Amino acid sequence: VTNTLTLVCCTDDEVLQLRNDQFTRHTAAGKTSETVADADATERLVAEVFGLPHLPVRAALLARDRFVASPSR
């Protein structure tokens, strides 16, 4: 159980990292980072950049938000 949505993809040319609303790309040319605006943008990023169009991103975000808001944690 975690309160952070994290995806990492490593290839020969780059490392992609999504941690909550921060997307970072590491390449030989350097590092770029951007803030992902909302759940729709997160779903698009995961589908298009990570190549995981069927990953239940919205459900994961909702579960994370419920966990973080839970008073029993």
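Residues numbered from 1 in each chain as written. Predicted model: local features only at pLDDT ≥ 70, side-chain atom pairs only at ≥ 80, totals over all residues. Heavy atoms only, no water.

Participant: I keep staring at the pairing of strand β1 (residues 6–10) and nothing clicks. Help me out?
Facilitator: Side-chain positions along a regular strand alternate between the two faces of the sheet. Here β1 pairs with strand β2 (residues 14–19) via five bridges, running antiparallel. Note that in β2 the partner of V8 across the bridge is Q17. In textbook terms, the turn of a hairpin is the stretch between consecutive antiparallel strands, and for β1 and β2 this stretch comprises three residues. (Pairing = 2+ DSSP bridges. Helix = DSSP H or I, 4+ residues; strand = E, 2+ residues; numbered from the N terminus.)

Participant: Would you mind going over the packing of aromatic side chains with me for this structure?
Facilitator: Two measures describe an aromatic ring pair: the distance that separates the ring centres and the angle between the ring planes. All told, the structure shown has one aromatic pair when counted by the stated rule. For the ring pair F23 and F50, a centre distance of 6.1 Å and an interplane angle of 70 degrees mean the geometry is edge-to-face. Here F23, found in strand β3 (residues 22–27), pairs with F50, found in the loop between α1 (39–48) and α2 (57–69); they are 27 residues apart in sequence, far enough to count as distant. Neither residue differs from the other here; F23 and F50 are each classed as buried. (Phe/Tyr/Trp six-rings, centres within 6.5 Å; stacked < 30°, edge-to-face > 60°. Buried < 20%, exposed > 50% of the residue type's maximum accessible area, 1.4 Å probe, protein only.)

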